[in-house]
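Chain residues, written in single-letter form:
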Amino acid sequence: MDGKLAPGLSRKLKKVLECRTDSPDVLSSLNTLSSFYAENTPQSRRNLRSSIEKRGISINVDFLEASRAAQQALDRVEDEVNALANCCDKIAKALNSCSATTGDIITTTERLKQELNVTTQRQQIVSCFLRDYQLSNQEINALREEELSESFFKALSHVQEIHANCKLLLRTHHQRAGLELMDMMAVYQEGAYERLCRWVQAECRQLGDSDNPQVSDLLRTAVCCLKERPVLFKYCAEEVANMRHNALFRRFISALTRGGPGGVPRPIEVHAHDPLRYVGDMLGWLHQALASERELVLALLDPDSIADSPTTNQMSKSQEILQSQSSLIISYKLSNTLEFYSYTISDLLGSETALSNTLWTLKDAAQKTFFDILKIRGERLLRYPPLVAVDLSPPPAVREGVSLLLELVETYNSMMLQKKPPFSQVISALLDPIIQICEQAAEAHKSKGAGHSSRRNRMSSDSGKFSKSSVNALLSSSSTPSPQSSETSSKIFLINCLCAIQQPLLGHEVAAEYVKSLGAMIDRHIHGLVANEVDVILKRCGLSNKMSHFRDSANKESGNTPLVEIEDTSPAALSESLKAFFGLVLGSDSSLPEFEQMQVPKLRAEACIQVAKALAEIYDLTYEAIMDPKNGYSDPKSLARHPPDQIRTILGI
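Remember, predicted model here, so these are calculated numbers, not experimental data.

Caption draft 1: Spatial organisation of the pattern of salt bridges. The final tally for this structure, using the stated rule, is 11 salt bridges. Residue Glu-115 is joined to Arg-111 by a salt bridge in which the shortest nitrogen-to-oxygen separation is 3.4 Å. Of this pair, Glu-115 and Arg-111 both sit in helix H5 (residues 68-133), 4 residues apart, which is roughly one turn of that helix.

Caption draft 2: Here's a closer look at a negative patch on the surface. A cluster of acidic residues, Asp-75, Glu-78, Asp-79 and Glu-80, forms a negative patch on the protein surface. Its place among the elements puts Asp-79 in helix H5.

Caption draft 3: Here's a closer look at a nonpolar patch on the surface. A cluster of nonpolar side chains, namely Val-126, Phe-129 and Leu-130, defines an oily patch on the protein surface of about 250 Å² accessible area. Position of Val-126 among the secondary structure elements: in helix H5.

Caption draft 4: Region of the structure containing the packing of aromatic side chains. One pass over the structure, following the stated rule, counts 12 aromatic pairs. Taking 6.1 Å as the distance between ring centres and 70° as the angle between the ring planes, the aromatic pair formed by Tyr-332 and Phe-423 counts as edge-to-face. One end of the pair, Tyr-332, is in helix H14 (residues 328-349); the other, Phe-423, is in the loop between helix H16 (396-413) and helix H17 (424-448), and 91 residues separate them in sequence. On the basis of relative accessible area, Phe-423 is assigned to the buried category, the value being 3%. Here a set of aromatic residues connected by ring pairs shows up, and it is made of Tyr-332, Phe-370, Phe-371, Tyr-412 and Phe-423. A cation over a ring is seen here: Lys-420 above Tyr-412, with NZ or CZ 5.4 Å from the ring centre.

Caption draft 5: A look at the environment of Leu-518. Inspection of the secondary structure puts Leu-518 in helix H21 (residues 512-541). Classification of Leu-518 as buried rests on a relative accessible area of 0%. Between the C-alpha atom of Leu-518 and that of Leu-498, which follows or precedes it by 20 residues, the distance is 6.6 Å.

Caption draft 6: Main features of the environment of Tyr-235. Along the chain, Tyr-235 turns up in helix H10 (residues 230-257). C-alpha of Tyr-235 to C-alpha of Val-200: the two residues are 35 residues apart in sequence and 9.9 Å apart in space.

Caption draft 7: Examining unusual backbone geometry more closely. Unusually for a residue other than glycine, Leu-392 sits at a positive phi of about 60°. The residue Leu-392 is located in the loop between helix H15 (354-383) and H16 in this model. Phi at Phe-595 takes a positive value of approximately 50°, unusual for a residue other than glycine.

Caption draft 8: Molecular detail of the side chain of Ser-393. Within the secondary structure layout, Ser-393 lies in the loop between H15 and H16. With a relative accessible area of 17%, Ser-393 lands in the buried category. Looking at Ser-393, its side chain comes within polar contact range of the side chain of Asp-391, at 2.9 Å. Apart from residues lying up to four places away in sequence, Ser-393 is in contact with Phe-493 and Gln-599.

Caption draft 9: Expanded view of the packing of H15 against H17. In the contact formed by H15 and H17, the axes pass within 9 Å of each other and the chain directions differ by 5°. One element, H15, and the other, H17, form an angle in the roughly parallel class. Along its contact with H15, which presents Phe-370, Phe-371, Leu-374, Arg-377, Gly-378, Leu-381 and Leu-382, the element H17 presents Gln-425, Val-426, Ala-429, Leu-430, Pro-433, Ile-434, Gln-436, Ile-437 and Gln-440. Classifying every residue of the contact of H15 with H17 by side-chain character gives 11 nonpolar, 4 polar and 1 charged.

Caption draft 10: Spatial organisation of the packing of H15 against H16. Here H15 crosses H16 at 170°, and the two axes come no closer than 13 Å. Considering the angle they form, H15 stands roughly antiparallel to H16. Touching Phe-370, Arg-377 and Leu-381 of H15 are Ala-397, Glu-400, Gly-401, Leu-404 and Leu-408, all from H16. Taken together, the residues that form the contact of H15 with H16 break down as 5 nonpolar, 1 polar and 2 charged.

Caption draft 11: Just the nonpolar core, in detail. Leu-408, Phe-423, Leu-431 and Ile-501 are the most contacted members of the largest nonpolar core, which has 86 residues in total. Among the elements that line this core, the one with the most residues is helix H24 (residues 601-627), at 13 residues. In this view, Leu-431 contacts Leu-405, Ile-501, Leu-505 and Tyr-514; residues no more than four positions away in its chain are not counted.

About the thresholds
- Residues numbered from 1 in each chain as written.
- Predicted model: local features only at pLDDT ≥ 70, side-chain atom pairs only at ≥ 80, totals over all residues.
- Heavy atoms only, no water.
- Salt bridge = Lys/Arg side-chain N within 4 Å of Asp/Glu carboxyl O.
- Helix = DSSP H or I, 4+ residues; strand = E, 2+ residues; numbered from the N terminus.
- Patch = residues over 30% accessible without salt bridge, like charges linked within 9 Å, V, L, I, M, F, W, Y side chains within 5 Å.
- Areas by Shrake-Rupley, 256 points an atom, 1.4 Å probe, with all protein chains shown as cover.
- Lys, Arg positive; Asp, Glu negative; His and termini not counted.
- Charge placed at Lys NZ, Arg CZ, Asp CG, Glu CD.
- Phe/Tyr/Trp six-rings, centres within 6.5 Å; stacked < 30°, edge-to-face > 60°.
- Buried < 20%, exposed > 50% of the residue type's maximum accessible area, 1.4 Å probe, protein only.
- Lys NZ or Arg CZ within 6 Å of the ring centre and 35° of its normal.
- Polar contact = N/O pair within 3.5 Å; in protein donor to acceptor, adjacent residues only side chain to side chain.
- Contact = heavy atoms within 4.5 Å.
- Axes fitted to C-alpha atoms, helices over the stretch in contact; angles between N-to-C directions.
- Parallel < 35°, antiparallel > 145°, perpendicular 65-115°, else oblique.
- Nonpolar A, V, L, I, M, F, W, Y, C, P; charged D, E, K, R; others polar.
- Core = buried A, V, L, I, M, F, W, Y, C linked by side-chain atoms within 4.5 Å.

What follows is the structure, encoded as structure tokens:
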């Protein structure tokens, strides 16, 4: 057992052991073997090789039997292919023998084919040349026929194309042909344009006979073609303008004198007595007529061609009406009407046309007439300023001017313009002279009362220091209404006038800026009125000449001199003045000014409050100066018996 195996046996065992029994080939071989290996006996195992070889021989015999028919068919095909090859060889020999005889025919055919191509190309070139440089017989007949049609314009367009092509031909070495063709086309072209011009003029004459002309597409095309010849186009444009001029003239004269069919609408001249209606009807008719003419104008000519229509000359009547017009309202309405139609017709025809310029000139003339009337009215008011009424009420000129302005504002608001002109110039031109005459009247009223005021001031200044009797007289006079100064009356009169102008204009947007300026003027006059009344009260009390000392003391500018040592602010003088001041403040309701003649209650109350505040501030300053120890008053409370809060309560602030 321990002896080594023979080398051959060892290799066989190793080969058997290394053989893989799970490979697909082995499995397939075993499956095939199992189909004919019936019994596993020693005899069968010994005859295994021979059995397998017999099996292989059997399979090959079966394959040969099965492929016998195919082999026979292939043999027949091979025989046929050989026969076909023999036929091809015979054909090749026949073709080789014929190629020598047909070579001349093939060469001739190729040459003829090349010549045909050259001829075809030349034919195409000639056709293109005739198309681009010659007219056909139909086109020549279309250019010469009396009646124009679409074929005429197509032929004329072709002539223009040929003429343009000849210019290109001149740049080549075919200049002579180009010149001859250009001369020929020029003859056709000029003849065609002359016929076209005569035809258009004849058609335009027919348009002039109709009130509502209809432009055909053919005429529109003809006029468009004539634009290439400015001179001929101008002749036609003049023909159209003359025809439409006459037609519009007849229609306008008929509208002025006869009216519409059956008298409806009525003739425009019927309303010649009413300038606004008269001018409005003429402009309305003009706008309607231009709207109907616009299609013809845009289709044939430039819009400016009918701008110098007969209605332009008739509009001179409007200018005569404007120059003779004296009514301010009518002048303004005429100006607005002319401005509306100026914008409307400018949008319709263009802003540079003669008719638009005429309307704008009329509008400017109407506006100038309106402002001239305003100027004359203002100058007349300034020449004869009114007198100030006893109750200081505004003069009638104020109410008339405001009423007139409100009517103008209503007219302005009813304007049918997207961009309205500014209205501030109208307001200033109407109201500024009224305010000036009110100021002149107030100044005259103040000057009239200046003599009386100066005599009263001299009597007050001669009194010097107040005595007991003079104080009693002052207090007694303060208990009764004192006559109002002329300056106060003048300011109240001005305030009443300005309020009478301002109040009706409130709420009107166009007058907002002017109302604001009037408010500033009223505030300025009220401030002056309050300052004047306070100054009068201080003079009546004798405090006017003392206030500068009190202010210097409050500003610490009085130096080292106490107020008690100054004559004007001595205890005796100050006591008399303060008694008079308390008498005015603590007296009856008529002691302080109440501005009864101021017609606006709100402003009257505001003026009274401002007077009270000013007096309270003056007393505050006086009280602080008296109570200041540096001023040296031994018994300040005996002088200033009432504290400032009490005075404010009494004054109602």
